[in-house]
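Here are the chains, one letter per residue:
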Amino acid sequence: MTETTRDVVVVGSGVSGLSAAVYAARADLEPVVLEGPEPGGQLTLTTDVENFLGFPEGVGGMELIQRGKEQAERFGAEFVRATVESADLEDRPFELSLSNGETLRTRALIVATGASARWVGAENEDELMGYGVSTCATCDGAFHRGDDVLVIGGGDSAMEEALFLAKFAESVTIVHRRDELRASEVMARRALDHEKIEFRWNTELLEIHGSQEEGVTGATLVSHPDGYPKEKFENGDEVDRDDVDVGGIFYGVGHVPNTDFLEETPVSLDDDGHLLTLEGMTTETNVDGVFGAGDVMDPNYRQAITAAGTGSMAALDAEAWLDEQDAERTEAATPA
Ligand code: NAP
């Protein structure tokens, strides 16, 4: 792999990377797809996807991803299990240093690295993550049969986690830092109407109790009638403190884009680390030949279907850009 220069490398194998791979492979660009630390991306951690067009009964997230990978491989995409440790995007072809020790050269790069679960910043979370604290109810929910559990967050992820956990847990309490949910109406309604799910409004998780030996045993929550209690607590304002006994804590507080490997490159990122694409309907970035797709460049929609859409756009944009480059090269080589 070291010697040759590829036309297209897709970094990431979630729904956007797979969609880019299908399109690039069908265009005979023989893409390499780098599968990172979470192959298949966020959809592999979800249960049913109910809003992906064409699946009236819903489809399992894992199944959707597996089928997408098969589809990309059928057209000739090559999958490599490695992350990009650093990228030289100043010179041509681009050069990617991979975690497996190899160097990969490519003319065009599609960044589809997605986003990873955000952590809350509660005391002891580093120690207890994986020992009763989790960012994935579908992965870890079954360990909490009969437990009282907390879900942190007020968006669709938190509602989804709570609804899933309600199948196993004795009780589920959604802890949200203000008094209004961010979740969509339909998801919010399902959680609000569920008999096993309670809400703690204007409340945040300050501290987690327990140990790696015994798991999570409880938590300290802080509340303030005006919301965002932790900020107020840190400013020295008076807040209500409450210790609760719980056996599990699930984070559903959104995601952060995976763009660490781009920090030392000329590719523009926004303040939250999202890859910035150029204005208008395009996946191009400020660096010619670098394209962005999926959650890594989308702070707004973040849906499986939009990620698939931007993945296909990135492959089409890359194909057009490569064609332009080839045409320019041919023109330059043709005697006048
Ligand atoms: P999100 O919409 O950004 O919501 C994150 C939630 O976590 C917000 O309620 C936020 O509070 C809270 N939060 C953020 N940082 C926090 C912190 N440090 N401490 C406490 N609370 C914190 O993220 P999401 O729920 O993961 O959803 C992301 C996207 O995926 C959305 O577009 C959503 O519709 C989509 N999604 C859809 C489904 C579905 O349809 N089945 C399922 C999951 C996700 P504030 O509200 O105060 O900001």
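I will try to describe carefully the structure that is included in this document. (Residues numbered from 1 in each chain as written. Predicted model: local features only at pLDDT ≥ 70, side-chain atom pairs only at ≥ 80, totals over all residues. Heavy atoms only, no water.)

## A word on helix 6 (residues 185-193)
Of all the positions in helix 6, only Met187, Ala188 and Ala191 are classed as buried. All buried residues of helix 6 project into a common sector of 100° when viewed along the axis, lining one side. Residues of helix 6 that are exposed and angled more than 90 degrees away from the buried face: Glu185 and Asp193. Taken together, the buried residues of helix 6 touch helix 5 (156-165), strand 12 (171-175) and strand 13 (197-200). (Buried < 20%, exposed > 50% of the residue type's maximum accessible area, 1.4 Å probe, protein only. Helix = DSSP H or I, 4+ residues; strand = E, 2+ residues; numbered from the N terminus. Arc of directions from axis to C-beta. Contact = heavy atoms within 4.5 Å.)

## Concerning the pairing of strand 7 (residues 94-98)
Along any regular strand the residues' side chains alternate between the sheet's two faces. Burial along strand 7 is one-sided: the residues Phe94, Leu96 and Leu98 are buried and none of Glu95 and Ser97 is. Bridging between strand 6 (residues 84-88) and strand 7 involves four bridges; their strand directions are antiparallel. When the bridges of strand 7 are listed, Val84 appears paired with Leu98. In sequence, strand 6 turns back onto strand 7 through a hairpin of five residues. Across four bridges, strand 7 lies against strand 8 (residues 103-111) in antiparallel orientation. Among the inter-strand pairings, Ser97 is bridged to a residue of strand 8, identified as Thr103. Connecting strand 7 to the antiparallel partner strand 8 that follows it, the hairpin turn spans four residues, and Gly101 within it adopts a positive phi of roughly 90°. (Pairing = 2+ DSSP bridges.)

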